[in-house]
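Take a look at the letters that make up each chain.
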Amino acid sequence: MTLFEKTMLPHLDSAYNLARWLTRNDPDAQDVVQEAYVRGLRYFDGFTGGDGKAWLLTIVRNTFLTWRGQQKSNSLVFDEHLHSPNARPSNPEEAAIRSSSLRALRECIDALPLEYRETLVMRELEELSYQNIADVASLPIGTVMSRLSRARKRLEDCMTAKGEKS
Amino acid sequence: MQPMIEPYLDGELDPNRQAQVLDHIADCSSCNEEYRRMQQLRADIRAGNLYFSAPDSLRQRVLSTVRNPGKKPRVWPWKEMAMAASLFLVVSLGANFVFMSRDRSENRFIAQEILSEHLRSMMGGHLVDVVSSDRHTVKPWFSGKLDFSPTVKDLGPQGFPLSGGRVDYMDGRSVAALVFLHNRHVITLFTWPSSRSASDASTHNGYNTVEWTKDGMIYWAVSDLNRSDLQTFSNLYKN
């Protein structure tokens, strides 16, 4: 096993989880992760040790942004609706989740604007520190804190709204 | 204090600050309420099975990518070869002009032609005109079609079984093309009489070629086989 494999393969779940929440569908998330590992291998010389997970997630995020840019320029406008899980009931696992009470939660996170969604996912699911999130997203810590706070507020509002509807 | 509630929840405060916020939450009912809501939200998220673990197929894909950087995972090699071939035909048309001068780039030109023929034969499924692993069938087949008699060997016992032969046109003349298999790779060995001296191994578009001369004949082996296996093949053929 190479040093790259030893350092980066253990974070495959994190890479996929972030990519999956960013792209909001499985095939695109897989492509983003695959490409991120190709890039990671290329730039691994620049990895000076430290937090491998944050380093990899930075690349996943940048790869996603490039990918999204391509989607937009590919004549078809990047359609948030098309890329939302509502439009792609792709596997039974997802279907089961959606039929449960978790459906609302997932939909509400998916509905968050990208900058809130990624911050929330990195904090709540990847359990990154504010500093790590700041590094991954190239943001000041203060911005991370305010985005996280707004993300939570929006999420609560969304859940409340869904609760009232049902 | 309100803005400190989330950093408190996220464990981002130093112990002193942490204690202060905790005291405050105990005394401030609105803060207390917010803290509970935030706690609940976090509990919902974490209980929600919202984490997407990487599928096994992705694990395999990534692993094979990082172990063979530069190579796309091979889904269907023939399709890939066909695509490479069509790309190559475009390139080789350009190469016709670039390599026209008959000097030391001549060998490169032949290498291009050889690769082109190799790919074309696989694209069209026109690998061989005489299908046989028996050199005593293949060799006589060429007489009457060529003005020379190629050396035909079967390297089946060494892992490179003869699959057949065909006649190709190259370097301004008819040449023998012998086809060998190694695992799932196709090797085409072109040979014709030539006084030219051979250069050696080279790689074009991911295909390897090995060239040698013997007894007034020139030999060119081309394949997508890795270079060392192709070298093994050529060494076996030479001896």
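The structure presented is a predicted model; accordingly, all values stated were derived computationally and were not measured.

Conventions we followed
- Residues numbered from 1 in each chain as written.
- Chains lettered and ligands numbered in written order.
- Predicted model: local features only at pLDDT ≥ 70, side-chain atom pairs only at ≥ 80, totals over all residues.
- Helix = DSSP H or I, 4+ residues; strand = E, 2+ residues; numbered from the N terminus.
- Buried ≥ 20, exposed ≤ 12 C-beta atoms within 10 Å, placed from the backbone.
- Contact = placed C-beta atoms within 7 Å.
- Core = buried A, V, L, I, M, F, W, Y, C linked by C-beta atoms within 7 Å.
- Nonpolar A, V, L, I, M, F, W, Y, C, P; charged D, E, K, R; others polar.
- Pairing = 2+ DSSP bridges.
- pLDDT = per-residue confidence, 0-100.
- Expected span 1.5 Å × (residues − 1).
- Axes fitted to C-alpha atoms, helices over the stretch in contact; angles between N-to-C directions.
- Parallel < 35°, antiparallel > 145°, perpendicular 65-115°, else oblique.
- Left-handed = near helix turned anticlockwise from the far one by under 90°.

Draft legend 1. Region of interest: the overall build of chain A. Looking only at helices and strands, chain A features 9 helices and 0 strands. When the helices and strands of chain A are listed from N to C terminus, the series reads α-α-α-α-α-α-α-α-α. The 166 residues of chain A split such that 35% are buried. For chain A, the proportion of contacts with a sequence separation of at least 24, taken over those separated by at least 6, is 68%.

Draft legend 2. Structural context of the overall build of chain B. Looking only at helices and strands, chain B has 8 helices and 7 strands in total. Contacts in chain B between residues at least 24 apart in sequence constitute 50% of all its contacts with a sequence separation of at least 6.

Draft legend 3. Up close: the nonpolar core. One finds A15(A), L18(A), A19(A), V32(A), V33(A), V60(A) and L120(A) to be the most contacted residues of the largest nonpolar core, which totals 40 residues. Put simply, the parts of the chain that give this core at least two residues each are helix 2 (12–23), helix 3 (26–43), helix 4 (52–73), helix 6 (102–111), helix 7 (114–125), helix 8 (130–137) and helix 9 (141–165) of chain A together with helix 4 (56–67) of chain B. When residues no more than four places from it in sequence are discounted, the contact partners of A19(A) are A29(A), V32(A), V33(A), V60(A) and F64(A). Of all hydrophobic cores here, the second largest spans 33 residues; its members include L119(B), V186(B), L225(B) and F233(B).

Draft legend 4. Up close: the interface of chain A and chain B. The interface is formed by 27 residues belonging to chain A together with 24 residues belonging to chain B. Across the side of chain A that touches chain B, the residue classes tally to 14 nonpolar, 5 polar and 8 charged.

Draft legend 5. Fine view of the environment of S195(B). All names here are of chain B. Its location among the elements puts S195 in the loop between strand 4 (185–193) and strand 5 (202–204). Classification of S195 as exposed rests on a count of 7 C-beta atoms within 10 Å. As for S195 and M217, which are separated by 22 residues in sequence, their C-alpha atoms are 7.4 Å apart.

Draft legend 6. Structural detail: the environment of L22(B). Along the polypeptide, L22(B) turns up in helix 2 (residues 15–27). When the C-alpha atoms of L22(B) and N32(B) are compared, they prove to be 9.4 Å apart, with 10 residues separating the residues in sequence.

Draft legend 7. Highlighting the pairing of strand 4 of chain B. Residues and elements named next belong to chain B. Among the 9 residues that make up strand 4, 7 are buried, leaving the element largely enclosed by the rest of the structure. By the bridge criterion, 7 bridges tie strand 3 (residues 173–182) to strand 4 in an arrangement that is antiparallel. Pairing of L178 across the sheet is with L189, part of strand 4. Linking two consecutive strands that pair antiparallel, namely strand 3 and strand 4, is a turn of 2 residues; a positive phi of about 50° is found at N183 within it.

Draft legend 8. The confidence of the model for chain B, seen in detail. Residues and elements named next belong to chain B. Model confidence for chain B is summarised by a mean pLDDT of 79, while 77% of its residues fall at 70 or above. Across residues 73–79, confidence stays below pLDDT 50; counting only partners more than four residues off in sequence or on other chains, it has 5 contacts. The model gives residues 93–104 a pLDDT under 50, and that stretch makes 6 contacts with residues more than four places away or in other chains. Predicted as a complex, the structure gets a pTM of 0.54 and an ipTM equal to 0.84.

Draft legend 9. Main features of helix 2 of chain A. Residues and elements named next belong to chain A. Taking 1.5 Å of rise per residue, 12 residues should cover 16 Å, and helix 2 covers 16 Å from first to last C-alpha, within 8% of that figure. Counting buried positions over the 12 residues of helix 2 gives 10, a clear majority of the element. Along helix 2, the residues that are buried comprise S14, A15, Y16, N17, L18, A19, R20, W21, L22 and T23. In the segment just after helix 2, R24 is the residue with positive phi, at about 65°.

Draft legend 10. Examining unusual backbone geometry more closely. Residues and elements named next belong to chain A. The phi dihedral of E127 is positive, around 55°, even though this residue is not glycine. Along the polypeptide, E127 turns up in the loop between helix 7 and helix 8. A positive phi is found at S138, a non-glycine position, where the angle reads about 50°. You can see S138 is positioned in the loop between helix 8 and helix 9. The exposed category is assigned to S138, around which 10 C-beta atoms lie within 10 Å.

Draft legend 11. Region of the structure containing the packing of helix 7 of chain A against helix 8 of chain A. Residues and elements named next belong to chain A. Running from N to C, helix 7 and helix 8 point in directions that differ by 140°, and their axes come no closer than 10 Å. With respect to each other, helix 7 and helix 8 are oriented oblique. Crossing geometry of helix 7 relative to helix 8 is assigned as right-handed. Contacts between helix 7 and helix 8 involve E118, T119, M122 and R123 from the former and I133, V136 and A137 from the latter. Split into classes, the residues belonging to the contact of helix 7 with helix 8 amount to 4 nonpolar, 1 polar and 2 charged.

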